[in-house]
Amino acid sequence: MKNTRLIKTIALFLVISILTVAFMGGCKNKTNSKPDDVSGTVSGNNSELQNSNDESNNSSGDSSGNSSVNKPSKPQNTEDKNNSSTNQSTTEVKISDMPTVTVGAQVAPGVCIVAGTCPKGTEYVTVKGPGVTTTKIVPFAGELNDFYMGQVKIDMAGNVEVTAKEKGKAESYGAYRYVNFTYGFNGNYMEAHEYRPVIGLNSRAHFYSALLSYTLSSNKVNSDVRSQAQTNIKSLVDKASDVGAETIFLIIPSSAQIYPETVPAGYTKTGGETIYEAFEKIATQAGAKVIYPLDTMKKHKNDGKGYQLYQYTDSHWSTYGAYWGTYDLFNYIAKAHPAAKPRTVKEMGFYTKELCGGDAVFNFPSGIGFDTNTASGITSKTKIKELTTLYNLKTSSNTLSAVYHNNVGLYLTDANADARRVYNNTPSGLPNAVIMRDSFGKVALDLVSDRFATACWGQSNNYNFPSGWQNTNPDYVIHLYSERNLFKIMLANSNASIVNFK
């Protein structure tokens, strides 16, 4: 009996001892676990906590906006990939090089043109200042620098500040130019004249007439205009038919049709049938073939720097634009004359070269920073240049150098490019053609003549047949005109202007 009690007492003592030891050990572990857990959270998830606190605008932290809970009690391992602050502190931010400001001048009430150069690879320049509506301008390419032109809203005379932003770099320091509001312009220089340039978005200039041909609908073509156009075009078709020639109208899309994203605010399409569509119906009914290479040209509008279809500083297509603009024409002619199919790009031997700016800068009034003297050789002084395309194709006409001022400037001259006949030295299988043209034909003269045995060209802005044209035995009579000159064709009047139909 006594033994039994003794055994129970000993057993109870052992149980109590074991429980006491277990309880004390558990308390010790629980007390030591908290610092380890917190330390692990801070060290392993520092960036995650920082982002969370930044987003919630926690104001209890230090001056950087980070809460003190994000800072570990001891320095982090420099090899810790989660410690983004250590890496950021050793990264040096490069500053973009400054632009230059060549032009800062008022051209209309509340409007000024700002232009100049910027570093190669500049994403955009920003124009800002007192009274200025801050404007970002995308530049265009040159050989040594990029160039930019922008139309900027401004409501007071004073300094404009221009900064450049290169890819991967911070914005540059500002360059300044004073804009004087007492320069002496009367009214709005940017409107109401077909040859006045309007600088659109992305530094691209458009002539006022090109913007109107893009925006106006055919309701501006009244019954009298339509009747006159039907009579005039039918007369042209009949003349060609009398000598066995087919009439083709090659209508060149305006710069605004190719680059609608650069059309400045205020020039929006009015809707309905366009002026071109009205013309196409009239000409087709008269028996002419109408070619409008808009789709083909738009496919190649972004082929590369310098390979622009229209120049930035000139109202005309480039040689590259002329190539793709006539591509559909020669594909059509090749159905009857396979030898006249378009040359390949490789055969043309296109290359890029920086030339002085064209008529969009020369047609600004003298004194705002552009050289307005268009005499041969003077164009080298032009302050705004651009990268354009030339080609190595050798033709029997070889006029491109003369047209482009001996490859110095884009401003077109009539030298050796007016009324003339071009005879191809390798005419096997090639047809003959008579070509009437406006100024767009100057750039295209070589590459068009190359596809005919004989090419008889009519003078610029002369909408009558050239003298002795019948003697060339033409297979085709081609009317090569810009869309902006449709009213000249429809009215057979070289003084007609689309501006009159605004």
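I will try to describe carefully the structure that is included in this document. (Residues numbered from 1 in each chain as written. Predicted model: local features only at pLDDT ≥ 70, side-chain atom pairs only at ≥ 80, totals over all residues. Heavy atoms only, no water.)

**Points about the layout of surface pockets**
In plain terms, the rule: Using a 1 Å grid laid over the protein atoms alone, points where a 1.4 Å probe fits but cannot get out form a cavity; open sets with protein on both sides within 12 Å along at least 5 of 7 lines form a pocket; any residue with an atom within 4 Å of a point counts as lining. Grid points are joined across faces, edges and corners, and a volume is the space filled by probe spheres set on the points. A run of H or I in DSSP becomes a helix once it reaches four residues, and a run of E becomes a strand once it reaches two; helices and strands are each numbered from the N terminus. Gly falls in the polar group here, along with every residue not listed as nonpolar (Ala, Val, Leu, Ile, Met, Phe, Trp, Tyr, Cys, Pro) or charged (Asp, Glu, Lys, Arg).
Size it by volume and the second largest pocket reaches roughly 400 Å³. Taken together, 23 residues line the second largest pocket, and the ones lying closest to its centre are Val 138, Pro 139, Phe 140, Gln 308 and Tyr 312. Of all the secondary-structure elements, those providing two or more residues to the lining of the second largest pocket are strand 3 (122-128), strand 5 (140-141) and strand 14 (385-391). Residues of the lining of the second largest pocket, tallied by class, amount to 7 nonpolar, 8 polar and 8 charged.

**What to know about the pairing of strand 11 (residues 246-252)**
Stated precisely, the cut-off is as follows: Exposure categories follow from relative accessible area, calculated using a 1.4 Å probe and restricted to protein chains: below 20% of the type maximum is buried, above 50% is exposed, and the middle band is partly exposed. Should DSSP find at least two bridges between two strands, the strands are taken to pair.
Counting buried residues along strand 11, 6 of its 7 residues qualify, which places the element largely inside the surrounding structure. Bridge count between strand 11 and strand 18 (residues 476-482): 7 bridges; the pairing is parallel. Following the sheet pairing, Thr 247 is matched in strand 18 by Val 477.

**Concerning the sheet that holds strand 2 (residues 111-118)**
Here 4 strands make up an open sheet; going across it, the order is 1-2-6-5 and the pairing antiparallel. Each edge of the open sheet carries a strand with a single partner, namely strand 1 (103-108) and strand 5. Pairing between strand 1 and strand 2: 5 bridges, direction antiparallel. When the bridges of strand 2 are listed, Val 103 appears paired with Ala 115.

**Some thoughts on the side chain of Asp 146**
Rules: Here a polar contact means two N or O atoms within 3.5 Å. Within protein one must be a hydrogen donor candidate and the other an acceptor candidate, and residues neighboring in sequence count only if both atoms are side-chain atoms.
Residue position: Asp 146 is located in strand 6 (residues 146-153). The exposure class of Asp 146 is buried, given its relative accessible area of 3%. Within the structure, Asp 146 has its side chain in polar contact with the backbone nitrogen of Thr 122 (distance 3.5 Å).

**Looking at the packing of aromatic side chains**
Rule in force here: Within 6.5 Å between ring centres, the rings of Phe, Tyr and Trp (the latter by its six-membered ring) count as paired, and their orientation is classed by plane angle as stacked under 30 degrees, edge-to-face over 60, tilted in between. Two limits define a charge over a ring: the Lys NZ or Arg CZ must be within 6 Å of the ring centre, and within 35 degrees of the ring normal.
The full count for this structure, using the stated rule, is 18 aromatic pairs. Taking the centre distance of 5.4 Å and the plane angle of 85° together, the rings of Phe 249 and Phe 279 count as edge-to-face. Residue Phe 249 is located in strand 11, and its partner Phe 279 is located in helix 7 (residues 275-285); the two are separated by 30 residues in the primary sequence. Judged by its relative accessible area of 0%, Phe 279 falls in the buried class. Among the aromatic side chains, those forming a connected cluster through ring pairs are Tyr 307, Tyr 320, Tyr 323, Trp 324, Tyr 327, Phe 350 and Tyr 391. The side chain of Arg 204 reaches across the aromatic face of Tyr 259, ending 3.6 Å from its centre. One Lys or Arg, Arg 204, reaches over the ring of Tyr 312 and ends 4.1 Å from the middle of that ring.

**A look at empty space enclosed by the protein**
Across all of its chains, the model carries 1 cavity of 30 Å³ or more by this definition. Counted as a void, the largest cavity has a volume near 70 Å³. Looking at the largest cavity, the residues that line it are Tyr 323, Thr 326, Tyr 327, Phe 330, Pro 342, Arg 343, Met 348, Leu 447, Asp 450 and Arg 451. Split into classes, the residues belonging to the lining of the largest cavity amount to 6 nonpolar, 1 polar and 3 charged.

**Focus: the packing of helix 5 (residues 223-242) against helix 7**
To characterise two packed helices, one gives the angle between the axes of the helices and the distance between these axes. This is how it is decided: Here the axes come from fitting lines to C-alpha atoms, over the contacting stretch only for helices, and the angles between their N-to-C directions go from 0 to 180 degrees. By the definition adopted for this analysis, an angle is roughly parallel if under 35 degrees, roughly antiparallel if over 145, roughly perpendicular if from 65 to 115, and oblique otherwise. It is the rotation of the near helix from the far one that decides the hand of a crossing: anticlockwise by less than a right angle makes it left-handed, clockwise makes it right-handed. By the convention used here, residues are in contact when the closest approach between their heavy atoms is within 4.5 Å.
Two numbers describe how helix 5 lies on helix 7: the axes approach to 9 Å, and their chain directions differ by 40°. As summarised for this structure, helix 5 and helix 7 are arranged oblique, according to the angle between their axes. Note on packing geometry: the crossing formed by helix 5 with helix 7 is right-handed. Two secondary-structure elements touch here, helix 5 through Arg 226, Ala 229, Gln 230 and Ile 233 and helix 7 through Ala 278, Phe 279, Ile 282, Ala 283 and Gln 285. Classifying every residue of the contact of helix 5 with helix 7 by side-chain character gives 6 nonpolar, 2 polar and 1 charged.

**Details of a nonpolar patch on the surface**
Here is the rule we go by: Patch membership requires over 30% relative accessible area and the absence of a salt bridge. Like charges are linked within 9 Å, and nonpolar side chains (Val, Leu, Ile, Met, Phe, Trp, Tyr) within 5 Å. Calculation of accessible area relied on Shrake-Rupley with a 1.4 Å probe; when residues are assessed, cover is drawn exclusively from the protein chains displayed. A pairing counts as a salt bridge when a side-chain nitrogen of Lys or Arg comes within 4 Å of a carboxyl oxygen of Asp or Glu.
On the surface, a nonpolar cluster with roughly 430 Å² of combined accessible area is contributed by Val 93, Ile 95, Met 98 and Tyr 173. Turning to its location among the elements, Tyr 173 is positioned in the loop between strand 7 (158-166) and strand 8 (175-179). Among the residues examined, Tyr 173 registers a relative accessible area of 60% and is labelled exposed.

**Focus: the side chain of Thr 388**
Relative to the assigned elements, Thr 388 resides in strand 14. Look at Thr 388 and you get buried, because its relative accessible area is 0%. A distance of 2.7 Å separates the side chain of Thr 388 from the side chain of Gln 311, its partner in a polar contact. Those residues in contact with Thr 388, other than ones at most four positions away along the chain, are Gly 306, Gln 311, Ser 318, Tyr 351, Thr 352, Lys 353, Leu 355 and Leu 410.

**Concerning helix 14 (residues 440-449)**
Of all 10 residues making up helix 14, 10 are buried, and the element is well covered by its neighbours. Within helix 14, burial applies to Phe 440, Gly 441, Lys 442, Val 443, Ala 444, Leu 445, Asp 446, Leu 447, Val 448 and Ser 449.

**Here's the deal with the pattern of salt bridges**
Following the criterion strictly, the structure yields 12 salt bridges and no others. Here Asp 450 ties to Arg 451 by a salt bridge, and the two come within 3.1 Å at their closest N and O atoms. Accessibility classification places Asp 450 together with Arg 451 in one group, the buried group. By sharing partners, the salt bridges in this structure join Arg 343, Glu 347, Asp 450 and Arg 451 into a single network.

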